[in-house]
Amino acid sequence: QVQVVESGGGLGHLGGSLNLSCEASGIIFRSSSMAWHRQAPGKQRELVAGISSGGSTNYLDSVKGRFTISRDNAKNTVYLQMNSLKPEDTAVYYCNARSHPGTMLARDYWGQGTQVTVSS
């Protein structure tokens with residue numbers, strides 16, 4: 001059974017930092033791509049940052065230079081370090097794991113989401 005479990009989040013302050021963690025089990029983590037998405041009230045879910053199995057990263061333009069995604073294959077965990085927080089970063093953040101990326105067997109798994117609220 002695949003499980004994707006986020007932790008971290010909570011209340012952050014303008015200009016402050018928060019760190020999110022996501023542990024995925026039941027998949028071959030080292031060969032899976034991982035990503036963080038977010039959804040603010042009344043808005044569509046958007047991709048915030050992604051990291052491939054090889055470590056290549058991509059970011060939403062509005063978080064470039066502020067957020068950093070990383071992974072620890074030994075711990076089956078992906079992280080999102082969020083610095084210089086802005087009120088517009090307020091959203092529910094979801095961890096996504098994609099097994100067998102780039103193949104016909106690719107499948108997405110999602111965490112339950114963790115709330116991030118940035119106060120000004």
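Everything below is about the structure shown above.
The shown structure was predicted, so the numbers you read here are calculated from the model rather than taken from an experiment.

What counts as what
- Residues numbered from 1 in each chain as written.
- Predicted model: local features only at pLDDT ≥ 70, side-chain atom pairs only at ≥ 80, totals over all residues.
- Heavy atoms only, no water.
- Disulfide = S-S within 2.5 Å.
- Helix = DSSP H or I, 4+ residues; strand = E, 2+ residues; numbered from the N terminus.
- Buried < 20%, exposed > 50% of the residue type's maximum accessible area, 1.4 Å probe, protein only.
- Core = buried A, V, L, I, M, F, W, Y, C linked by side-chain atoms within 4.5 Å.
- Pairing = 2+ DSSP bridges.
- Axes fitted to C-alpha atoms, helices over the stretch in contact; angles between N-to-C directions.
- Phe/Tyr/Trp six-rings, centres within 6.5 Å; stacked < 30°, edge-to-face > 60°.
- Lys NZ or Arg CZ within 6 Å of the ring centre and 35° of its normal.
- Polar contact = N/O pair within 3.5 Å; in protein donor to acceptor, adjacent residues only side chain to side chain.

Caption draft 1: Expanded view of the state of the cysteines. Tallied over the full model, the rule gives one disulfide. Between the sulfur atoms of Cys22 and its disulfide mate Cys95 the distance is 2.1 Å. On the S-S bond that ties Cys22 to Cys95, the torsion sits near -80 degrees, and the link is left-handed. In this pair, Cys22 sits in strand β3 (residues 18-25) while Cys95 sits in strand β9 (residues 91-99), placing the two residues 73 residues apart along the sequence. Given a relative accessible area of 0%, Cys22 falls into the buried group. What makes Cys95 buried here is its relative accessible area of 0%.

Caption draft 2: Local environment of the nonpolar core. Counting 27 residues, the largest nonpolar core has Met34, Trp36, Phe67, Val78, Leu80, Met82 and Tyr93 as the members making the most contacts within it. Mapped onto this core, the elements with two or more residues apiece are β3, β4 (33-39), β5 (46-51), β7 (67-72), β8 (77-82), β9 and β11 (114-119).

Caption draft 3: Looking closely at the sheet that holds β8. An order of β1-β3-β8-β7 is seen for the four strands of this open sheet, with the pairing classed as antiparallel. If you trace the sheet from one side to the other, it starts and ends with β1 (3-8) and β7, each paired once. Neighbour-to-neighbour, the strand axes of the sheet open up by a mean angle of 15 degrees, direction not taken into account. Pairing geometry for β3 and β8, over six bridges, is antiparallel. Looking at the pairing, Glu23 lines up with Thr77 of β8.

Caption draft 4: Local environment of the packing of aromatic side chains. One pass over the structure, following the stated rule, counts zero aromatic pairs. One Lys or Arg, Arg45, reaches over the ring of Tyr94 and ends 3.7 Å from the middle of that ring. Taking the ring centre of Trp110 as reference, the NZ or CZ of Arg45 above it sits at 4.8 Å.

Caption draft 5: A look at unusual backbone geometry. Not every positive phi belongs to a glycine, and Asn76 is a case in point at roughly 55 degrees. Among the structural elements, Asn76 can be located in the loop between β7 and β8. Positive phi, normally seen in glycine, also occurs at Ser84, with a value near 50 degrees. With a relative accessible area of 39%, Ser84 lands in the partly exposed category.

Caption draft 6: Main features of the side chain of Arg38. Inspection of the secondary structure assignment puts Arg38 in strand β4. For Arg38, the side chain forms a polar contact with the side chain of Asp89, separated by 3.1 Å. Only 2.9 Å separates the side chain of Arg38 from the side chain of Tyr93, close enough to count as a polar contact.

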